[in-house]
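Observations on the model geometry
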Amino acid sequence: MTDLRSAPTRSTGMGTLVAKITVLGGLDALAVFLGAVLVSRGDYVIAALVVVGAIVLTVIYLSERLLPAKYMAPGLVFLAIFQVFVIGYTVYIAFTNYSTGHILTQDQAVEALLSQSQRRLPDSPSYSVTVVESNSQLGLLVTAPDGTALLGTADSPLRPVDATFQDGQAVAVEGYTSLRFADLLGRQDEVFSLAVPLADDASAGSLRTLDGRTAYQYTSKLSFDPASETLTDTETGEVYVDGGEGAFVGEDGTEILPGWQVNVGLDNFTRAVSEPSIRGPLVYVTAWTIAFAALSVGIIFALGLLMALLFNDPSMRGRTAYRIVMVLPYAFPAFLGAMVWSGMLSQSFGFINQVVLGGASIPWLTDPTLAKISVLMVNLWLGFPYMFLVATGALQAIPGEVREAARVDGTSRWQMLRHIELPLLLISMAPILIATFAFNFNNFNVIYLVTGGGPRDTGAGIPVGQTDILISLVYKVAFTGQNRDYGLASAFSIIIFIVVAAISVISFRRTKTLEEIS
Amino acid sequence: MHMTKKSIAAGALLAVAVLTAGCSNSTTTPAASDTSSAPETNATSTLTVWVDAERADALAQAATDYEAQTGIAVDIVARDNSTLKDDFIQQASSGSGPDIAMGAHDWLGELTTNGVIAPLELGDKASDFLPVALDASTYDGIVYELPYAVENLAMLRNADLVAEPAANFDDMIAKGTAAGVEFPFVVEQGENGNPYHLYPFQTAFGAPVFGRDAAGSYDPTQLTLGDGTAFAQWLYGQGSKGANTISTEITGDIAKEKFTTGQAAFWLTGPWNVKAAVDAGINVAVDAIPSPGSEPAQPFAGVKGFFVNQYSDNKVAANDFLVNYLGTVDVQVALFESGGVLPALTAAADAVSSDPIIAGFKAAGMDAVPMPAIPAMGRVWEFWGIAEASIINGADPDATWAQLTADVQSAIDGS
């Protein structure tokens with residue numbers, strides 16, 4: 001022990017030390033840089049994580065103890081970023097109303113609403129403008145349609161001035177510096193938000209320029225009161241207040257969007273199980289998902305094992321050639337395989353109907369039952385080679401003496417399989433079967449590429465199909481159509497996670513009992 | 001011992017890589033922070049523009065010219081059109097989005113509901129655009145999009161098979177059949193239907209989707225889809241239990257294959273497929289869509305254009321680039337020359353109409369109406385195609401259409 005611990009100190013050469021310091025120094029420099037950038041952007045939490053992470057890593061690799069941590073730190077960093085963060089973020093989203101119309105912060109939503117409520121006065125003229133500056137306050141030097149010059153700033157309404165004209169346009173006025181277009185580029189936000197009142201009376205509207213060259217008369221349909229955090233419609237006087245669900249709500253309950261993202265507690269979970277249009281599909285999609293995953297594991301395992309038993313028989317000739325052919329679907333990219341199958345199963349133009357069945361018209365992908373069978377068959381084709389490989393390996397790992405002894409005792413082939421090979425196989429294969437189940441539970445690729453979840457269930461209130469599994473349903477809720485609901489989709493994901501985790505835990509418990517038997 | 005040293009170095013390297021990856025993941029890419037800090041450096045301003053990858057080349061020259069004119073660099077970023085809208089919505093408000101994004105006018109509802117685009121002001125230039133382009137770019141009375149190209153369906157005819165345009169739908173089928181090819185007429189459908197491609201026939205029976213309010217905006221409370229029973233009956237007659245001229249087995253790829261190999265006489269499609277047909281050696285003529293009903297067959301018009309990010313720090317430059325530069329005749333003609341789609345500016349559209357194919361699409365789009373961009377339209381899409389597909393496949397037209405109308409109405413009411 002002492003030897004091990006003191007060894008690094010003794011043997012750490014100059015070169016190693018320099019390399020170590022260089023790399024850690026680089027890492028820390030990067031962390032400091034990132035931290036500074038993040039702090040300037042206001043992301044304090046992430047900045048703190050980066051800095052603390054860098055300190056922890058530096059301590060781990062400079063310390064002479066902490067040997068296990070040196071090996072584990074990289075893995076833990078990966079785990080934190082690619083697993084813990086992703087899962088944590090999904091959980092967080094599931095408790096928010098993050099969806100179409102609720103993606104902004106409240107301040108941004110107010111900004112967007114005010115911007116969208118700017119109306120140009122009908123039939124009002126356009127004014128060519130020069131942006132001018134005095135004491136770093138911006139103003140607009142306007143050439144009125146009648147050719148006179150007017151000047152105003154955000155605080156003082158337009159008033160006539162004597163200006164220097166060039167090509168009929170007022171370009172300069174005493175006491176102000178005229179800004180060229182290039183000068184505006186550095187302060188675009190200021191220019192863009194500059195509103196010069198036309199007159200003392202606010203209802204006359206104000207002059208704004210969007211491009212720094214031409215100004216128009218605008219009135220704002222909404223006004224925001226920061227103190228009470230309410231929006232008021234300047235025409236009707238209706239007041240919109242924060243309804244508590246991430247949007248401003250009028251007196252009659254109408255929401256105006258864009259709204260913003262808020263925490264909604266368990267709302268998404270409640271909706272998933274209580275809203276009839278979602279609950280109905282959710283129940284049978286869950287049932288089909290479990291059936292799909294279980295049946296897939298069953299048939300893939302059965303075919304893989306059967307093939308493994310056949311090709312494991314030494315009396316069979318040309319085994320190697322057959323085995324290579326068997327493994328082909330596994331070597332073929334699964335995406336491509338699924339898409340090719342989808343094309344081959346097409347009703348009137350597909351290879352299966354046209355060539356194999358001689359012009360039959362079987363609705364492989366459009367009949368609810370046949371579509372289910374089709375996806376299972378494609379999944380079988382894609383999945384069995386892997387199971388065949390694993391089963392072959394597991395079979396060959398069973399000691400020859402065990403079989404020899406059984407044969408001496410006079411067992412039949414069936415008895416040997418049933419009582420000797422299968423139990424021994426299951427010990428090594430049970431974890432793989434559980435993994436296959438979990439994989440197929442979320443086998444989005446096959447469903448999406450073969451049937452796209454179809455045929456559509458015309459009776460359901462959400463766009464769900466007869467072969468949709470939970471994960472493809474989540475995809476449709478979150479990423480298709482004009483009404484995305486990321487919060488609801490995240491809630492579904494968590495439900496899926498719980499189901500898969502529960503089934504896996506139970507299965508692994510059963511596997512342990514299996515091991516004890518042997 | 002050797003292992004330990006190695007692992008120190010390797011671990012440190014990994015950690016650096018991971019930290020870098022992690023930070024760029026959770027916050028922002030370095031490129032984005034460049035854009036946001038650009039205004040402070042003042043000397044140069046860079047506009048980041050996301051465009052559909054297929055049109056990136058068309059804009060490259062315009063970007064270079066604009067920089068030469070104003071000193072504002074324009075960084076054209078080619079994006080996959082299928083993910084552009086979602087990425088824009090996600091990133092616009094985070095500060096890492098582009099200053100300008102290219103898209104279709106029917107995104108307007110979603111983009112404004114999410115509050116990620118800023119209004120434009122076309123000023124006196126508004127009347128210079130094709131009426132349909134201006135109509136499409138206006139949402140709830142406000143212009144949000146600088147229109148750049150107008151796309152609509154038209155009837156492509158294999159002029160070697162059929163010499164004359166068809167007078168109406170039945171005439172087209174008769175002419176196509178007389179030409180002796182396998183398919184007189186093909187139109188893209190698929191097992192979930194394709195209402196966009198059937199819409200001209202639906203309007204021929206006087207059944208648009210939504211009515212319009214006094215200001216001319218589509219009104220979600222006036223669902224006029226239900227007037228389409230006559231269309232549904234006609235569609236049933238063209239389906240698998242009738243004349244079989246429209247089939248859900250014909251996908252976009254199959255339709256393209258049949259026409260480009262000369263096995264179909266007529267193809268109802270958009271300008272995006274013309275090149276494939278011409279390249280395949282087909283003598284393509286572009287006609288207006290023959291109507292099966294008493295009214296003209298009006299296709300949907302899709303207007304491509306540019307939006308300004310509400311949270312951009314370069315809104316003045318962005319507005320200048322769009323309104324004062326991309327909205328000019330020379331630039332629109334130049335964009336047409338590299339893109340081949342009808343310009344949205346009237347003068348530019350007239351200038352390029354000497355091309356018979358463009359003139360054909362322009363003529364077919366005379367009656368085109370903008371595809372509704374209101375969020376309620378999303379509810380229509382969810383049910384529309386499925387209902388049409390089942391009518392084509394022999395479902396009772398009256399009952400299916402009534403069910404469709406009821407489903408859409410309840411989905412709109414429920415949302």
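Residues numbered from 1 in each chain as written. Chains lettered and ligands numbered in written order. Predicted model: local features only at pLDDT ≥ 70, side-chain atom pairs only at ≥ 80, totals over all residues. Heavy atoms only, no water.

1. As for the overall build of chain A
- A count of helices and strands for chain A gives 18 helices and 16 strands.
- A principal-axis box enclosing the C-alpha atoms of chain A has dimensions of 120 × 80 × 45 Å.
- Burial status across chain A gives 42% buried among its 518 residues.
- Intrachain contacts of chain A at a sequence separation of at least 6 include 57% that bridge at least 24 residues.
- For chain A, the exposed surface amounts to about 26,400 Å²; the carbon and sulfur share of it is 65%.
- Each charge class in chain A was averaged separately, 30 positive and 42 negative side chains, and the resulting centres sit 19 Å apart. (Helix = DSSP H or I, 4+ residues; strand = E, 2+ residues; numbered from the N terminus. Buried < 20%, exposed > 50% of the residue type's maximum accessible area, 1.4 Å probe, protein only. Contact = heavy atoms within 4.5 Å. Areas by Shrake-Rupley, 256 points an atom, 1.4 Å probe, with all protein chains shown as cover. Lys, Arg positive; Asp, Glu negative; His and termini not counted. Charge placed at Lys NZ, Arg CZ, Asp CG, Glu CD.)

2. Some words on the pairing of strand S9 (residues 183-187) of chain B
Residue and element names in this part refer to chain B.
- Burial analysis of S9 places five of its five residues in the buried class, which makes it a mostly covered element.
- Taken together, the four bridges between S9 and strand S12 (residues 264-269) define a ladder with parallel strand orientation. When the bridges of S12 are listed, phenylalanine 185 appears paired with phenylalanine 266. (Pairing = 2+ DSSP bridges.)

3. Regarding a nonpolar patch on the surface
All names here are of chain A.
- Taken together, the side chains of Leu67, Tyr71, Met72, Leu76, Leu79 and Val84 define a hydrophobic patch exposed on the protein surface, amounting to about 570 Å² of accessible area.
- Note on placement: methionine 72 falls in helix H4 (residues 67-94).
- By relative accessible area, methionine 72 is classed as partly exposed at 48%. (Patch = residues over 30% accessible without salt bridge, like charges linked within 9 Å, V, L, I, M, F, W, Y side chains within 5 Å. Salt bridge = Lys/Arg side-chain N within 4 Å of Asp/Glu carboxyl O.)

4. Notes on the environment of Tyr330(A)
Residue and element names in this part refer to chain A.
- Mapped onto the secondary structure, tyrosine 330 falls in helix H10 (residues 319-331).
- In this structure, the C-alpha to C-alpha distance between tyrosine 330 and methionine 387, residues 57 residues apart in sequence, is 10.0 Å.
- Residue contacts for tyrosine 330: discarding those within four places in its chain leaves Pro385, Tyr386 and Leu389.

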